[in-house]
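Per-entry structural report
Here is what each chain is made of, one letter per residue.
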Amino acid sequence: MDRYVLPKNRRHILLFILLLVALLACMAVNVMSGSIDIPVSSLMHMISGHDTLSTNGFIVWNIRIPRTIAAVFGGACLAVSGLLLQVFFRNPIVGPFILGISSGAILMVSLVMLTSISLNIAHLTPFLTTLSALAGAVGVLAIILVIASKTKNPITLLIVGLMMGYLCHAVTSVLVAFAEQEKIKGFVLWQLGSFSGFKWSEIKMLLLFGGALLVVSLALGKSLNALLLGESYASSMGVNIRIQRFLILLCACSLSGMVTAVAGPVAFIGLAVPHMARLGFATSDNRILVPATILLGGIVTSLCDLAARLIFSPVELPISAITALFGAPIVISLLTRRRVME
Amino acid sequence: MRQERGSYTIETKGLEVGYGIRGVLSNIDLALPRGSFISLLGPNGAGKTTLLRSLARLLPPIKGVILLRERALEGFPSQELARLLSIVLTDKVQPGLFSAFEFVALGRYPYTDFMGRLTEPDRKVILEALSMVHAGDLATRRLETLSDGERQKVLIARALAQEPDIIILDEPTLHLDLKHSMEVMAILQGLCRERDITVVASLHDVGLAARLSDQVMLVKDGGIMGWGPPEELLKKETVTHLF
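Residues numbered from 1 in each chain as written. Chains lettered and ligands numbered in written order. Predicted model: local features only at pLDDT ≥ 70, side-chain atom pairs only at ≥ 80, totals over all residues. Heavy atoms only, no water.

1. Some details on the overall build of chain B
Regarding its fold elements, chain B presents nine helices and 10 strands. A compact globule built from 243 residues would reach a C-alpha radius of gyration of about 18 Å, and chain B, at 18 Å, matches this within 12%. The C-alpha extent of chain B, read off along each of the three principal axes, is 50 × 40 × 35 Å. Looking at the 243 residues of chain B, the share that counts as buried comes to 56%. Within chain B, residue pairs in contact and separated by at least 24 positions form 70% of the contacts whose partners lie at least 6 positions apart. Of the accessible surface of chain B, which amounts to about 10600 Å², a share of 51% is contributed by carbon and sulfur atoms. (Helix = DSSP H or I, 4+ residues; strand = E, 2+ residues; numbered from the N terminus. Rg over C-alpha atoms; globule rule 2.2 N^0.38 Å. Buried < 20%, exposed > 50% of the residue type's maximum accessible area, 1.4 Å probe, protein only. Contact = heavy atoms within 4.5 Å. Areas by Shrake-Rupley, 256 points an atom, 1.4 Å probe, with all protein chains shown as cover.)

2. Things to note about the overall build of chain A
Helix and strand counts for chain A stand at 14 helices and zero strands. Its C-alpha atoms give chain A a radius of gyration of 21 Å, within 12% of the compact-globule value 20 Å for 342 residues. The principal-axis extent of the C-alpha atoms belonging to chain A is close to 60 × 50 × 35 Å. Looking at chain A as a whole, 51% of its 342 residues qualify as buried. For chain A, restricting intrachain contacts to residue pairs at least 6 apart in sequence, the fraction spanning at least 24 positions comes to 77%. A total of about 15600 Å² of accessible surface is found on chain A, and carbon and sulfur atoms cover 73% of it. Positive and negative side-chain charges of chain A, numbering 22 and 11 respectively, have mean locations separated by a distance of 12 Å. (Lys, Arg positive; Asp, Glu negative; His and termini not counted. Charge placed at Lys NZ, Arg CZ, Asp CG, Glu CD.)

3. Notes on the interface of chain A and chain B
The partner chain B presents 42 residues to the 30 residues of chain A that form the contact. The interface formed by chain A and chain B contains zero salt bridges. Scanning the region where chain A abuts chain B turns up 10 residue pairs in polar contact (both at pLDDT 80 or more). Listing elements by their share of the side of chain A that touches chain B, those giving two or more residues are helix 8 (200–219), helix 9 (221–227), helix 10 (231–236) and helix 12 (269–281) of chain A. Taken together, the residues that form the side of chain A that touches chain B break down as 13 nonpolar, eight polar and nine charged. (Salt bridge = Lys/Arg side-chain N within 4 Å of Asp/Glu carboxyl O. Polar contact = N/O pair within 3.5 Å; in protein donor to acceptor, adjacent residues only side chain to side chain. Nonpolar A, V, L, I, M, F, W, Y, C, P; charged D, E, K, R; others polar.)

4. Some words on the pairing of strand 4 (residues 63–68) of chain B
Residue and element names in this part refer to chain B. Pairing analysis gives five bridges linking strand 1 (residues 8–19) to strand 4, with the strands arranged antiparallel. The residue of strand 4 that forms the bridge with Glu16 is Lys63. Bridging between strand 4 and strand 5 (residues 71–72) involves two bridges; their strand directions are antiparallel. Note that in strand 5 the partner of Leu68 across the bridge is Arg71. The turn joining strand 4 and strand 5, which pair antiparallel and follow one another in sequence, is formed by two residues; a positive phi near 50° is taken by Arg69. (Pairing = 2+ DSSP bridges.)

5. Considering empty space enclosed by the protein
Take a probe with the size of a water molecule and roll it over the atoms, and the empty space left behind shows itself. All names here are of chain B. Per the counting criterion, the structure on display carries one cavity of 30 Å³ or more. Approximately 40 Å³ is the volume attributed to the largest cavity. Lining the largest cavity we find Thr49, Leu52, Arg53, Ala56, Ile87, Leu89, Ile168 and Asp170. Elements with a minimum of two residues in the lining of the largest cavity: helix 1 (48–55) and strand 7 (166–170). Take the lining of the largest cavity: its biggest share by element is three residues, from helix 1. Its residues placed into classes, the lining of the largest cavity shows five nonpolar, one polar and two charged. (1 Å grid on protein atoms, 1.4 Å probe; cavity = no way out; pocket = protein on both sides within 12 Å on 5 of 7 lines; lining within 4 Å. Points joined across faces, edges and corners; volume = space filled by probe spheres on them.)

6. A few points about the packing of helix 3 (residues 55–88) of chain A against helix 11 (residues 241–263) of chain A
To describe two helices that pack against each other, one gives the angle between their axes and the distance between the axes. Residue and element names in this part refer to chain A. Helix 11 packs onto helix 3 with a crossing angle of 145° between their chain directions and a minimal axis gap of 8 Å. Pair helix 3 / helix 11 crosses with left-handed handedness. Residues Gly74, Cys77, Leu78, Val80, Ser81, Leu84, Leu85 and Phe88 of helix 3 touch helix 11, and the partners they reach there are Arg245, Ile248, Leu249, Cys251, Ala252, Leu255, Ser256, Met258 and Val259. The residue makeup of the contact of helix 3 with helix 11, split by class, is 13 nonpolar, three polar and one charged. (Axes fitted to C-alpha atoms, helices over the stretch in contact; angles between N-to-C directions. Left-handed = near helix turned anticlockwise from the far one by under 90°.)

7. Some remarks on the layout of surface pockets
By volume, the largest pocket amounts to about 1200 Å³. Around the largest pocket, the lining is made up of 39 residues, and of these Lys152(A), Glu231(A), Ser235(A), Ile241(A) and Leu58(B) lie nearest the centre. Among the elements that line the lining of the largest pocket, the one with the most residues is helix 10 of chain A, at five residues. Residue composition of the lining of the largest pocket, by class: 21 nonpolar, nine polar and nine charged.

8. Some words on the side chain of Thr68(A)
Residue and element names in this part refer to chain A. Tracing the backbone through its elements, the reader meets Thr68 in helix 3. Thr68 sits in the buried class, given a relative accessible area of 3%. A distance of 2.7 Å separates a polar side-chain atom of Thr68 from the backbone oxygen of Arg64. Ignoring any residue separated from it by four or fewer positions in sequence, one finds Thr68 in contact with Met27, Asn30 and Val31.

9. Comments concerning the pattern of salt bridges
For the structure on display, the rule yields 17 salt bridges over all chains. Residue Arg67(A) is joined to Asp305(A) by a salt bridge in which the shortest nitrogen-to-oxygen separation is 2.8 Å. Placement of the pair is Arg67(A) in helix 3 and Asp305(A) in helix 13 (residues 286–310), with a sequence separation of 238 residues. On the basis of relative accessible area, Asp305(A) is assigned to the buried category, the value being 1%. The partner of Asp122(B) in a salt bridge is Arg108(B), with the nearest N and O atoms 2.9 Å apart. In this pair, Asp122(B) sits in helix 4 (residues 120–132) while Arg108(B) sits in the loop between helix 3 (100–105) and helix 4, placing the two residues 14 residues apart along the sequence. Each member of the pair, Asp122(B) together with Arg108(B), is buried.

10. Notes on the confidence of the model for chain B
Residues at a pLDDT of 70 or more form 94% of chain B, whose mean pLDDT is 90. Taken together, the chains of this predicted complex give a pTM of 0.90 and an interface ipTM of 0.93. (pLDDT = per-residue confidence, 0-100.)

Structural data, given as structure tokens:
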């Protein structure tokens, strides 16, 4: 009887171990390389001795490690967010920003960065951009949740999300039209996303909230599987659709909103990584895919961030450019190869 | 006869079903005997699917009550209902990358723990469900590689994995050729005879319905026009009148 289960399970466990090792390796490489290369031996020394005083120690502890953690964890959050929404809408081309979450964040940030509204409040906090992006994301999330409680049809929700995106985008573009040239460049660069400049306090927040949301997402695996059959079947199997729908939307949008707030709208990870996980593990079982996308999201994003830093060093490329440049061909080749195999 | 036990799985009283405030069918008073095969016949758009969806609690009734095992259907906790009643719909099901075994395993939802882990008894039920629909050999096959007929059998196996008292099927022979239609119908009949499961299915093939079902329900013109054993009900006039 076990023949239906065991060989596959073993393969999955092997893949998980492989991904974990790859993730650790990626993190190490991320911390070691950059404008100053740090050899493994001294890295070990610096980490074990918590050396923050030497120049290299300072770079490792206050620049590279926060950035690496942010990229890995932010990537994991975006990937899971994309997976949740792909299952929820039963649509493979959905990503974490389909419901206008990033557009809301961009709108609020454009208000702060492009107009002079911020002049009076800029001294209040050093995290003004982060906070305004968070406000935008939460605002859109609140609207989405209210509408989700009123409509039963996921397609309606999808269209509302798209419309919200267009609305926010329209206001943003008006602001851009009236903005001064030098402000626009900063705004455009923010829009492309970056994991640089993270403070430890931000990292701790990200780990705390993101970690909690990821745990909830792991627990959603079972009902996500039932939802793969559509809402009628799911509810006939005993899924409480209203509660699950609320939880899925809350998790997906909070995860992507949180990452957008601290790193800007990093494109493509949330769309591509779930596909890579699905094809790599050869399953649509979300109890496996949620942990798989967490690991794979971390790996892919940290590699992209590494590439963004190194390719034209010292000029840093926007991370969204790298994620799309490398990610799109990978997804296309994975999908077409599968088609051929069938 | 099973009816003599006096147990009805589903009863309806003064039921009116439809969408919003618009009734599609009204004054439905039914008593579905346990372990019988009940076919719904009627022209397209008569309201067969609406009635089935209401009986499965996917659509709230406009008026009247539905009783399941003499208890109000709306009062059932969803997990308890899922252990009593399962469905096979015409909705296109594309869950992605699953083997037939894994797909049928989704039907264990109301029985498994919060991570959906399968126990040994669960696996036994799944394999039994597959063999009951003559699909034991499909267990390791990928869902997307199955033919229409094989797929329909696996869908029925998934419903069986819920270990229900009653299975509601919307057009289970749609898109199937005669050979596969016959096979699916024979499987459903077997479920009634051997497992005492009540099968309620809408069908478009009067001949198949007449040959295999215990009771036939004629749905037309906003109500149930007739209800009884097929040999009494399906005389030539009724059938011409029906379509």
